[in-house]
Amino acid sequence: MPARPSRRTLLLAAAVALTTATATACGGGGGPAGGSAGRTTVRIAYQAIPNADLVVKNQRLLEKALPDVDVKWVRFESGGDVNTAVIAGAVDLGLAGSSPVTKGLSAPLDIPYKVVWIHDLIGDNEALVARSGIGSVKDLAGRKVATPFGSTAHYSLLAALAAAGVEPSAVQTVDLQPQDALAAWKRGDIDAAYVWTPTLSELKKDGKVLVTSRELAGQGKPTADLGVVTNAFAAKHPEVVTAWIKAQDAAVAQARTAPDEAARSIGAELGLPAEEAKRQLSELVLLSAKEQAGPDYLGTPGAPGRLAANLHDAAVFLKGQKAVDAVPDEAAFGRALAVEELGRAAN
């Protein structure tokens, strides 16, 4: 009888399939070191999340800072998909939630990337919404709940179930991306969903919020959207990474001091009115480069920040949920924080 393929083998097979699709979305060609006519190309994964990353994209801040670099933005629906693209060698930099990053840094994936930025601390912009008549998380036993598997929302759903004393096996959890979850909600195919904005805003129109990620963070299960860079790209193109961090920092400053301007860019990317984009932006906590170099977050060379412990705690939880095969020690997560890169850009 042939040996059963490992989870990593299956993921690698999926990654190969995704490589072709991503290359098409990127416009083809290039690679991290070889754009048109020998130019460097950086391939950036982004998601439809109303944070400063969309300001960088919409206002072409990185393109303006690096006129000799080909910048290719590729949209993904979840951090799990970003991990698959990184494994496929199709992405150099990108946004993924803290849960997918935790999984990426753990077995069986063991992705050679590191955390270089905190795009946002997730608050009320991710939540568990249920139909009327479902009054609590405990009431989800025997119900059908949608969430993107491997995402921060999936992690938070598991945390909410654990806090309520509900076994995950008692809930019929289905793997749906946010827009697919919304379609299933409208058809009446699901009873609840744990997703993020802008889809979350649509669900809340006729659903009830049972718990938010901000509330779960207060219970010791914080989540964040993180920026990751592959080790190979960071080593080969440090100037691109520095420019990317500075562009992100400038976008955060704009979101804080000129939120109307930032909201116009975010709204343009998401197809939302500026006022709605501004409201959704306000549900997130954005941090400057200087703040991220503090002890509560990424930290500094020789002094990894609290984020390493948070990722380790998440890995322990995910191991208990059989979502990862093994938990790296906390020092491994500390080594995966790109504190030198952040320090160069913050100075």
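Provided above is the structure to which this section pertains.
Each value, and the rule that gives it
Numbers given for residues are sequential positions, taken from 1 along each chain in its written order. Totals for whole chains, interfaces and linings use every residue, but because this is a predicted model, local features are given only for residues with pLDDT of at least 70 and side-chain atom pairs only at 80 or more, for both listing and counting. Side-chain calculation: all heavy atoms of the structure are included, whereas hydrogens and water are not. Only DSSP runs of H or I covering at least 4 residues are called helices, and only runs of E covering at least 2 are called strands; the numbering of each starts at the N terminus. Each residue gets one of three labels from its accessible area relative to the maximum for its type: buried under 20%, exposed over 50%, partly exposed in between, using a 1.4 Å probe on protein chains only. Throughout, a contact is declared for two residues whenever any of their heavy atoms are within 4.5 Å. Surface accessibility in these figures is a Shrake-Rupley result with a 1.4 Å probe; residues are shielded only by whichever protein chains are displayed. Strands are labelled as partners when DSSP assigns at least two bridges between them. To define axes, lines are fitted to C-alpha atoms, for helices over the stretch in contact only, and angles between the resulting N-to-C directions are given on a 0 to 180 degree scale. Between 30 and 60 degrees the pair is tilted, below 30 it is stacked and above 60 it is edge-to-face, where a pair is any two Phe, Tyr or Trp rings, Trp via its six-membered ring, whose centres lie within 6.5 Å. Polar contacts, as used here, are pairs of N or O atoms within 3.5 Å; protein pairs need one atom able to donate a hydrogen and one able to accept it. Residues neighboring in sequence count only if both atoms are side-chain atoms.

Further remarks concern the overall build of the protein chain. From N to C terminus, the protein chain includes 17 helices and 12 strands. For the protein chain, the proportion of its 347 residues judged to be buried stands at 54%. The long-range share in the protein chain, meaning contacts at least 24 apart out of those at least 6 apart in sequence, stands at 77%. For the protein chain, the exposed area adds up to about 14,200 Å²; of that, 52% sits on carbon and sulfur atoms.

Spatial ordering of the open sheet is given by β7-β6-β8-β5-β9, a layout of 5 strands whose pairing is mixed. Both edges of this open sheet fall to β7 (172-175) and β9 (208-212), since each of them pairs with a single strand only. The sheet shows a mean angle of 25° between the axes of neighbouring strands, direction not considered. The pairing of strand β6 (residues 144-147) with β7 spans 4 bridges and is classified as parallel. Across the sheet, the residue bridging to K144 is Q172, located in β7. Where helix α6 (residues 152-164) meets the sheet, it contacts β5 (126-130), β6, β7, β8 (192-196) and β9, and its direction lies at approximately 135° from that of β8.

Tallied over the entire structure, the rule returns 2 aromatic pairs. Seen in terms of ring centroids, Y46 and W73 are 6.0 Å apart; in terms of plane orientation they differ by 75°. Their pairing is edge-to-face. One end of the pair, Y46, is in strand β1 (residues 40-46); the other, W73, is in strand β2 (residues 69-75), with 27 residues separating them in the sequence. Its relative accessible area of 14% is what places W73 among the buried residues. Measuring from ring centre to ring centre gives 5.3 Å for Y155 and F317, while their planes differ by 80°; the resulting arrangement is edge-to-face. Pair noted here: Y155 is in helix α6 and F317 is in helix α15 (residues 306-320), with a separation of 162 residues, a long-range link.

Next up on the list: the side chain of T212. Inspection of the secondary structure puts T212 in strand β9. Apart from residues no more than four positions distant in its own chain, T212 is found in contact with G123, D124, E126, A127 and Y194.

To continue, consider the side chain of K114. Tracing the chain through its elements places K114 in strand β4 (residues 113-121). Classification of K114 as buried rests on a relative accessible area of 17%. Here E341 takes part through its side chain, which lies 2.8 Å from a polar atom of the side chain of K114. Those residues within four positions of K114 in sequence are excluded, and the remaining contacts are G227, V228, V229, N231, A234, A336, A338 and E341.

Time to look at unusual backbone geometry. For the bond from A107 to P108, the omega torsion is 10°, close enough to zero to count as cis. Relative to the assigned elements, P108 resides in the loop between α5 (98-104) and β4. The amide bond that connects T197 to the next residue, P198, takes the cis arrangement and shows omega of 10°. Assignment of secondary structure puts P198 in the loop between β8 and α8 (199-203). The phi dihedral of R60 falls on the positive side, at around 55°, and the residue is not glycine. A positive phi is found at D110, a non-glycine position, where the angle reads about 50°. Along the polypeptide, D110 turns up in the loop between α5 and β4.

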